[in-house]
Amino acid sequence: MFSVPFFQGIVQTVHTNLQELILLLVLLFAALSDLGERRVSNKLLLRGFAAIFLVKLAGGSELLLRPLVVSLGFIFLLLPIHRFRMIGGADIKAAALILFCRPDALGAGSLFTALLLGAVYSLYKLGTEAECAGRFRYLREYVKAYVKRAACSGLLGDHAVFPYYSSARDGYRATVPLAACLFSGTAICLLLASL
C-alpha cells in the first residue's frame, strides 16, 4: 500500500517543519525581548541551536557539517563589524541560527529580507525623527577619529578600534531591533516558500 520512500518523505517533511517551528519560536522570543528590553538572551539562542541540532540528529541528517560550517562562517564573517559595535553579538547569533536551520537559499533569503526590513525601518526613523543630518555628521566624525587613531597606533592596533555605537552616549533612539527584523524576514520567507 505505502512504499518506503513515501514514509521517508513524511519523516523528512516533519523533520524540516519541526526545525522551522523551533526557529520561529526562538526568533519570536528574541524579537519580543529585543523590542521590550533591547537585549536578546544568549541562553535563548544557545537553546535554539541545541534544539535544532537535536532535531537534525534525530532526523538522521547525515549532513550536519554544512549547517555548522555555514553558520560558524557567518559568525566569523561578521565579527569585525561586531568589534566596532555596529551590530550586536546576539543579532549575529540569531542570524547564524537561521543559517544553521536553513543553510540554503531560503536561509539567505530570510537574512536578505530581514536586512531590507531593517534598512526600511532605519530610513523611516531617520526621516521622521529629523536626525538624519546629525547621524551623518556623527558618522563623519567617527571616521575622522578612526583614521586619526589608526595613523597613530597602526591600522589593526587595539587603540584604533572603538565602538561606533554606545548606549550610554547614543541612547536607543538610533538602534534598529534587528532580532524583530530577523523574525519577520524569516516568517515572510517561510510563508512564501510554503505557498
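Relevant structure appears above.
The structure displayed is predicted, hence computed values, not measured ones. As a convention, each chain's residues are numbered from 1 in the sequence order in which they are written. Per-residue local features of the predicted model are confined to residues with pLDDT of at least 70, and side-chain atom pairs are confined, for both listing and counting, to 80 or more; whole-chain, interface and lining totals are unaffected and use all residues. The side-chain values count all of the structure's non-hydrogen atoms but skip hydrogen atoms and water molecules.

A.B. asks: Account for the packing of helix α4 (residues 89-101) against helix α8 (residues 178-194), with residues named and values stated.
C.D. replies: Contact geometry of α4 with α8 gives a least axis separation of 9 Å together with a crossing angle of 15 degrees. What the angle tells us is that α4 and α8 run roughly parallel. Like other packed secondary-structure pairs, α4 and α8 cross with a definite hand, here right-handed. Each of D91, A94, A95 and I98 in α4 lies in contact with α8, whose residues at this interface are L178, A179, L182 and T186. For this classification, the nonpolar set comprises Ala, Val, Leu, Ile, Met, Phe, Trp, Tyr, Cys and Pro, the charged set comprises Asp, Glu, Lys and Arg, and every other residue, Gly included, is treated as polar. When the residues that make up the contact of α4 with α8 are grouped by side-chain class, the tally is 6 nonpolar, 1 polar and 1 charged. Fitted lines through C-alpha atoms give the axes, limited to the stretch in contact for helices. The angle between two N-to-C directions lies from 0 to 180 degrees. A run of DSSP states H or I qualifies as a helix once it reaches four residues; a run of E qualifies as a strand once it reaches two. Both are numbered from the N-terminal end. Angle categories are assigned with fixed cut-offs, so that under 35 degrees is roughly parallel, over 145 is roughly antiparallel, 65 to 115 is roughly perpendicular, and the rest are oblique. Handedness of a crossing is defined here by the sense of rotation of the near helix relative to the far one, left-handed for an anticlockwise turn of less than a right angle and right-handed for a clockwise turn. Only heavy atoms enter the contact rule, under which two residues are in contact if any of them lie within 4.5 Å.

A.B. asks: Go over the environment of I98 with me, naming the residues and quoting the values.
C.D. replies: Relative to the helices and strands, I98 is located in helix α4. Along the primary structure I98 and E20 are separated by 78 residues, whereas in three dimensions their C-alpha atoms are 9.0 Å apart. The contacts of I98, once residues within four sequence positions are left out, are L23, L27, G107, S110, L111, L182 and T186.

A.B. asks: Give a description of the nonpolar core that names residues and reports values.
C.D. replies: A general trend in soluble globular proteins is that nonpolar side chains are found buried together. Nonpolar core, defined: a set of buried Ala, Val, Leu, Ile, Met, Phe, Trp, Tyr and Cys residues in which side-chain atoms within 4.5 Å join the residues together. Think of it in three bands: with a 1.4 Å probe and only protein chains considered, a residue is buried below 20% of the maximum accessible area for its type, exposed above 50%, and partly exposed in between. Of all hydrophobic cores here, the largest spans 31 residues; its most connected members are L23, L45, I52, F74, L97, L111 and L182. If you list the elements that add at least two residues to this core, you get α1 (4-37), α2 (42-58), α3 (65-83), α4, α5 (105-128) and α8. Of all the elements, α4 adds the most residues to this core, at 10 residues. In contact with L23, other than residues within four places in its own chain, are I52, L97, I98, C101 and T186.

A.B. asks: Give me the lowdown on the packing of aromatic side chains, citing residues and values where you can.
C.D. replies: Only the six-membered ring of Trp is used, alongside the rings of Phe and Tyr, when aromatic pairs are assigned; centres must lie within 6.5 Å, and planes under 30 degrees apart are stacked while those over 60 apart are edge-to-face, with the rest tilted. What the rule picks out here adds up to 1 aromatic pair. Centroid distance F49 to F100: 5.6 Å. Interplanar angle 50 degrees. Geometry classified as tilted. Of this pair, F49 sits in helix α2 while F100 sits in helix α4, and the two are 51 residues apart along the sequence. Per residue, the accessibility class of F49 equals that of F100, and both read buried. A ring is scored as having a charge over it whenever the NZ atom of a lysine or the CZ atom of an arginine sits within 6 Å of its centre and within 35 degrees of its normal. If you follow K56 out to its NZ or CZ, it ends over the ring of F100, 5.7 Å from the centre.

Read these as spatial facts, not as claims about activity.
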